[in-house]
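Secondary and tertiary structure notes
Chain by chain, the residues:
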Amino acid sequence: MSRNAKINTLLLLVVAALAVLPLALGLGDGKEEPFTGADAQAESAITELKPDYEPWFSPLYEPPSGEVESALFALQAALGAGLLAYYFGVRKGRRQGLAQAAAASPDASPVPAPPEA
């Protein structure tokens, strides 16, 4: 097994552990909504500390249900992951192209040398 395969396997195991351990250890037991997001937790903390707090602005769009909100969040995450994957793919393709061009003409360097003074 190569070094990269070992690292990828280890990272996959860490991600799986992060997803499964909170459920296996019962960290959300006894709560109405055990795994709420940071926004909901912040809102409840603010309401607890200062009940008469008025928000500075309201959201531009309020989804009709939690399912629609989750779907929009998943779509946002997928688009972001797609853009990152495209960027890294283009970078890798350019690097491979430069390597192939350098291999095709051994006397030409991929990066021009700076002029001598």
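Residues numbered from 1 in each chain as written. Predicted model: local features only at pLDDT ≥ 70, side-chain atom pairs only at ≥ 80, totals over all residues. Heavy atoms only, no water.

**Quick notes on the overall build of the protein chain**
Within the protein chain, the regular secondary structure consists of three helices and zero strands. Beginning at the N terminus, the succession of helices and strands in the protein chain can be written as α-α-α. Working note: accessible area of the protein chain is about 11,000 Å², and carbon and sulfur atoms make up 65% of it. (Helix = DSSP H or I, 4+ residues; strand = E, 2+ residues; numbered from the N terminus. Areas by Shrake-Rupley, 256 points an atom, 1.4 Å probe, with all protein chains shown as cover.)

**Remarks on the packing of aromatic side chains**
Here a ring pair, both rings aromatic, is described through the centre-centre distance and the interplanar angle of the planes. Counting across every chain of the model gives one aromatic pair. Centre to centre, the rings of Tyr-87 and Phe-88 are 5.3 Å apart; their planes meet at 65°, and the pair counts as edge-to-face. (Phe/Tyr/Trp six-rings, centres within 6.5 Å; stacked < 30°, edge-to-face > 60°.)

**Overview of the confidence of the model for the protein chain**
Per-chain confidence: the protein chain averages 85 in pLDDT, with 85% of residues scoring 70 or above. By mean pLDDT, the top-scoring element of the protein chain is helix H3 (residues 66-104) (93), and the lowest-scoring one is helix H2 (residues 38-49) (85). (pLDDT = per-residue confidence, 0-100.)

**A short note on a nonpolar patch on the surface**
A contiguous nonpolar surface patch, about 610 Å² in accessible area, is contributed by Leu-60, Tyr-61, Leu-72, Leu-75 and Leu-79. Structurally, Leu-79 can be placed in helix H3. (Patch = residues over 30% accessible without salt bridge, like charges linked within 9 Å, V, L, I, M, F, W, Y side chains within 5 Å. Salt bridge = Lys/Arg side-chain N within 4 Å of Asp/Glu carboxyl O.)

**With respect to a negative patch on the surface**
On the surface, Asp-39, Glu-43, Glu-62 and Glu-69 cluster together into a negatively charged patch. In this fold, Glu-69 is placed in helix H3. (Lys, Arg positive; Asp, Glu negative; His and termini not counted. Charge placed at Lys NZ, Arg CZ, Asp CG, Glu CD.)

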